[in-house]
Each structure stands twice: as structure tokens, then as C-alpha cells.
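Architecture at a glance
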Amino acid sequence: MSREEKLLLFKQGLQNLYLQNVKKSKSKTYSQYTKEKIQSYIKNPLSNLDNIRDVSNFLWRVSMPYKKIIEYYSTIPLYAYNVVYNSSDWSKPLNTNDFLSKYSEVASRTENMDLQQLSPSIMATALRDGIYSGFIYDDGNSFMIMPLDPKYCKISAITDRNTYTLKFDAQFFDQGNNKEYVLGAEDDEFSQSALWDKVFIDGYNTYKSQGRDYQWFDLPVERTITVIAGDDPEIPLPYFLPIFVSLLDLLDYESLIRSKTELQNTVLLLSKIPLLTKENEPDAFAVGIEYVQLMQQLIDDVVPDLVGTAYSACDVEPIFFNNTNQVQDTNIYTEAIHNLFSNIGLSEMLFNGDKAGSVGLKHSIQVDAEFAMRLLRRLGANIQRYISLNIDENFSFYFHESSIFNLDDYSKRLKDKATLGIGKLDYATCDGTTPYRLMNSTYMENALGLTELWIPLSSSYTQSGSSTEGIKPEQDVDDLSDEGLRTREGNKNGTE
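I will try to describe carefully the structure that is included in this document. (Residues numbered from 1 in each chain as written. Predicted model: local features only at pLDDT ≥ 70, side-chain atom pairs only at ≥ 80, totals over all residues. Heavy atoms only, no water.)

Quick look at the overall build of the chain now. Along the chain, the regular secondary structure elements total 17 helices and eleven strands. Once local pairs closer than 6 in sequence are excluded, the contacts in the chain between residues at least 24 apart make up 70%. As displayed, the chain offers around 30,800 Å² of accessible surface, 52% of which is attributable to carbon and sulfur atoms. (Helix = DSSP H or I, 4+ residues; strand = E, 2+ residues; numbered from the N terminus. Contact = heavy atoms within 4.5 Å. Areas by Shrake-Rupley, 256 points an atom, 1.4 Å probe, with all protein chains shown as cover.)

Next up on the list: the pairing of strand E3 (residues 143-147). As paired strands, strand E2 (residues 131-138) and E3 are joined by five bridges and run antiparallel to one another. The partner of Asp138 across the bridge, within E3, is Phe143. Between E2 and the antiparallel strand that follows it, E3, lie four residues; Gly140 among them carries a positive phi value of about 95°. (Pairing = 2+ DSSP bridges.)

Ranked by internal contacts, the top residues of the largest apolar core, which has 59 residues, are Leu59 and Phe244. It is helix H12 (residues 361-390) that contributes the most residues to this core, twelve residues altogether. The residues touching Leu59, leaving out its near neighbours within four places in the chain, are Tyr66, Phe244, Leu247, Leu248 and Leu251. Counting residues in hydrophobic clusters, the runner-up holds 27 residues, among them Ala170, Trp196, Ile201 and Tyr207. (Core = buried A, V, L, I, M, F, W, Y, C linked by side-chain atoms within 4.5 Å. Buried < 20%, exposed > 50% of the residue type's maximum accessible area, 1.4 Å probe, protein only.)

All right, on to the environment of Glu401 then. Structurally, the position occupied by Glu401 is in the loop between strand E11 (395-399) and helix H13 (407-419). Since its relative accessible area comes to 30%, Glu401 is described here as partly exposed. The sequence separation of Glu401 and Ile76 amounts to 325 residues, and the corresponding C-alpha distance is 10.0 Å. Those residues in contact with Glu401 that lie beyond four places of it in its chain are Met373, Arg377, Asn406 and Tyr410. At a separation of 2.5 Å, a polar atom in the side chain of Glu401 contacts the side chain of Arg377. (Polar contact = N/O pair within 3.5 Å; in protein donor to acceptor, adjacent residues only side chain to side chain.)

Before going further, it helps to spend a moment on the pairing of E11. Burial analysis of E11 places four of its five residues in the buried class, which makes it a mostly covered element. In the sheet, strand E1 (residues 81-85) pairs with E11 via five bridges, with the strands oriented antiparallel. Within E11, the residue paired with Asn82 across the bridge is Tyr398.

So, on to unusual backbone geometry. It is generally the case that most residues other than glycine have a negative phi and that most peptide bonds are trans. You will see that Asp114, though not glycine, has its phi angle at about 55°, which is positive. In this structure, Asp114 sits in the loop between helix H5 (96-113) and helix H6 (115-129). Take Asp114: its relative accessible area is 41%, and that puts it in the partly exposed class.

What links the strands of a sheet is backbone hydrogen bonding, and the strands pair in either a parallel or an antiparallel sense. With antiparallel pairing, three strands are arranged side by side in an open sheet as E3-E2-E7. Whereas interior strands pair on both sides, the edge strands pair on one side only; in this sheet they are E3 and strand E7 (224-228). Taking each pair of neighbouring strands and ignoring which way they run, the sheet shows an average axis angle of 25°. (Axes fitted to C-alpha atoms, helices over the stretch in contact; angles between N-to-C directions.)

Looking now at the side chain of Arg53. Within the secondary structure, Arg53 sits in helix H3 (residues 49-62). Of the side chains with opposite charge, Asp50 comes closest to the buried, unpaired Arg53, at an N-O distance of 4.1 Å. Not counting residues up to four positions away in its chain, the partners in contact with Arg53 are Asp129, Ile131, Pro150, Lys151, Pro236 and Pro238. (Lys, Arg positive; Asp, Glu negative; His and termini not counted. Salt bridge = Lys/Arg side-chain N within 4 Å of Asp/Glu carboxyl O.)

Take H13 next. With 13 residues, H13 ought to run about 18 Å at 1.5 Å a step, and its terminal C-alpha atoms sit 18 Å apart, in line with that. Those residues of H13 that fall on the buried side of the exposure criterion are Tyr410, Ser411, Leu414 and Ala418. All buried residues of H13 lie within an arc of 90° about the axis, which places them on one face of the element. Among the exposed residues of H13, those pointing more than 90 degrees away from its buried face are Asp408, Lys412, Arg413 and Thr419. Phi for Gly421, located one or two positions after H13, is positive at around 90°. (Expected span 1.5 Å × (residues − 1). Arc of directions from axis to C-beta.)

The full count for this structure, using the stated rule, is 17 salt bridges. A salt bridge links Glu111 to Arg437; the shortest N-O distance between them is 3.8 Å. Of this pair, Glu111 sits in helix H5 while Arg437 sits in helix H15 (residues 435-448), placing them 326 residues apart in sequence. Taking relative accessible area as the criterion, Glu111 reaches 24% and is therefore assigned partly exposed. Exposure remark for Arg437: the relative accessible area of 40% places this residue in the partly exposed category. Close ionic contact of Asp174 with Lys208 constitutes a salt bridge, the shortest N to O distance being 3.7 Å. Of the two residues, Asp174 is situated in the loop between strand E5 (164-169) and helix H7 (180-183) and Lys208 in helix H8 (residues 198-210); the sequence distance between them amounts to 34 residues. Accessibility expressed as a relative area gives 29% for Asp174, which makes it partly exposed. On the accessibility criterion, Lys208 (48% relative accessible area) is partly exposed. Among the charged side chains, a salt-bridge network with shared partners connects Glu105, Arg109 and Asp138.

Moving on to the side chain of Ser74. The topology assignment puts Ser74 in helix H4 (residues 64-74). Judged by relative accessible area, Ser74 falls into the buried class, the value being 3%. In contact with Ser74, not counting residues within four places along its chain, are Tyr79, Pro120, Met123, Ala124 and Leu127.

Now the structure itself:
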């Protein structure tokens, strides 16, 4: 295919999706939240759902611990997946040509989804906002999911595999310049081709012509994806809402320590104005005030920012603002961090390089991973629904429950099965290799004859009677206690 043909195919595929009019300036301000305000929101979460999400977005921007926690859970899974053909009657022979054609389409279409790139942001948004709602654009060659503002989305029903149907608020298009998404932007060269989908245009026009009874309109179930972090679809709250007050405490501690550190390095220099010793007048200065001010100006021009200056007729000494409780302040901040992670049930060792040891860490990670896998299964159910409704209902999609922590063990279990002839594709895709890339690679290697050309080198793995027999493998680091780690690192057993 020539470059011109590729460009034509792209132009005939998904057009530019209109997100904003870049010719118009835009501004957005954010509120400063207090603990008292957050606690008032929590008392009535249904009425303050939008406010709570605004707080979550505020913390996402200003609190690094909060950002790291969300990123941690959203990046635990590898988002590796596989697709399997479902036969309704195993007694009938499989039409190989028909099956390969369908399998090729499903594999290529799921490849276009780029799930390993999209999925972490979907999971992170669900944790931050309590819900991820997206509208899918797919023409067979290009695929994208447009995130929808949760403020204007509402779950209306539960469907197959505990997935949800979604309604959208037409009033969204009456806010600011949002009307341009459905009506186009004046004097914009893309105004005719850059509109949102016809579903939104029709929904908005119906609302404007028929009134408030049509304010919320249905989005087609075959083109939406909805993942919630909690278990309440009516009030999908940010998952880490219970620690918002603790996160604000951390911000306060950081500000307090920063202010005290600055104060500790501040000094005040006072200049004494000399008096005439033989005069009995109370204001008999030996130097005129204009000369004092001139000298003061010269001093002000050369002293550092953290040095203050003044002049006085009284005897004074330099004033230092030493903070003798700096260590205590730091300990308070450290304790606050510890309490935060304790409330979440998360090990500090995952984020703190100063923490050492592995006792309990492995089990803590297993709990974290199980929560991440629960969200992964919810996302997988949405992808399965999309494939069944839009591509082919005879194929099942599922994410492997492999993660950055368990890949070695997970792949070993699948390898043992594959050795017995069971689940070869599962083993081949569990590390993130997509079915599409796997089959293309296999097809190419067979065509090139690499199976016969590339013969494995002789090694202890391909020969019997290896000299490594009887050697005890070194114990995995994850299974060692803190003392065991120190023993290995210090070579206390005398081994080389």
C-alpha cells in the first residue's frame, strides 16, 4: 500500500474528534479545600458527589502520595490478554478457513484497541473519580475511547457480566463553549468534520426541542465502557475518599516544616543609632536620620533574602529564629505518612527506599494485587461485551491475571500446562504479547523457515546428565526474612 493510499484510508477512517476550539482562550480555577469542608461533603455524599470528585482531582494535582498510590494500583496488572473461540457444538468439525478469518479479525481489532496503553489510565481514572465512563469510536481500522466527564454521566441499569448502561446529561452542551461539540465552531476549518458523534447531537437536539424530560439520554450500550472502583453504582465515590483528610494533614505538615525551615535560616540585624553623650535631651542623636536611612539602604542592598534589617536607638543583639524542634517536626511528618499507609493497608516499603526487609511485604503485595485484579476483571467484562456486540459473539476475551509482581510464578504455571499440551496460547500471551503479534510472528517465522534454521544451542537445559544436578537452588529473596537478607548480603554463611 502506497503512502497516498494509507493517507486516504486514514482520512476515510476516524476523523479528528473535536475536543476544544484552540482559537479561544480558556481558563480554569480550582478551590482550596479544608478538612472541615471535606468532612461536610462526606456526611451527605449523594448531594456532594461532584464536590468530592473535585477534591480528589485537587489532591491528584498537589499530593504526590495520592498520585503515587493511584498509579501503583493502576499499573500492577500487565494487561496481557487472550481471546478464545467458543464452540456451541464440539461434535461438529471446525471450518478452519472460516474460523481463521474470524479469529484474524478479532485479533486485529483488539490489537487496534491498544489496551496495554489505554487500560492504566482507565483504572487510574476509576480510582480517582470513582467511575470511568468512555464513548467508543471504532471504524474497524482505528479505535479510540473518549473519556466523558463523570459529572454528566449516570449509571441507569446493570447488564450482562455486571456491566452497566449509561445516560448522558444534555446540559453539558450548554456549559461554556461546549455547544460547539455538537453544533460546530464558527470560522473553524474543521467545524463540519470535527463534531462529536451523532448520538450526542440527536440527544441534545431532542432535549432542546422537547424539554427537561429528555435532559438525560441513553448512550448505546455497544459503544460505551463503564468501570467503577467501588461497589455502589448509584454513588460511585472516589475509592480513597476515607484518607482525604489524612492527605490534607500531610500537606499542612509539609507547609509547616517548610515555613519553620525558612524561619530557622532567618536572622534580623539591628543597627544602633549613636547618641550624643553630653546632651540631656532624649532624642539627641549623633547621626542625622537621613544618613541612617542611607546606610540602611546600602545594607539592604547586599544582605541575603533571609536576613532582615532595621535600625534602633536601643541596645540590641542579632536575633536568630532557630527551630530547635526540627527533628520532632520531621518525626511528626514521618508518623503521619506511616498512619496514611496503615489506613490504606499498603506497605511503606513499596515507596520508601529507606525501608528495608521483606517480612510481610510479599503478603501485602498479594492483597494489593487481588484488589487490582478485581478492577481488571471489571474492565475485561466491558471489553468482552464490546467484542460480542460489535465484532463476533463467538469469541471470549479475558485479561490474564499476571502482574509486575507475579509474572514469573504465573508464567511458570502456564508453562507447566503448555508442556502437557494445554493452553499454549495462554502461556505465549501472559507476558503482554498480544494474540495478533503472536500469530503474525509465528506466521512470519514459518514462512522464513526459522524453525529449521534456528536450532537451540547445546546447554544444560537441552542435555541430560547436566553437571548442575544436585546443586540446591538459591532461595528466592521474597521468601527470606529480614535476618536472612542481612545474612546473604553480609555473606555470613561463608559462601562465595
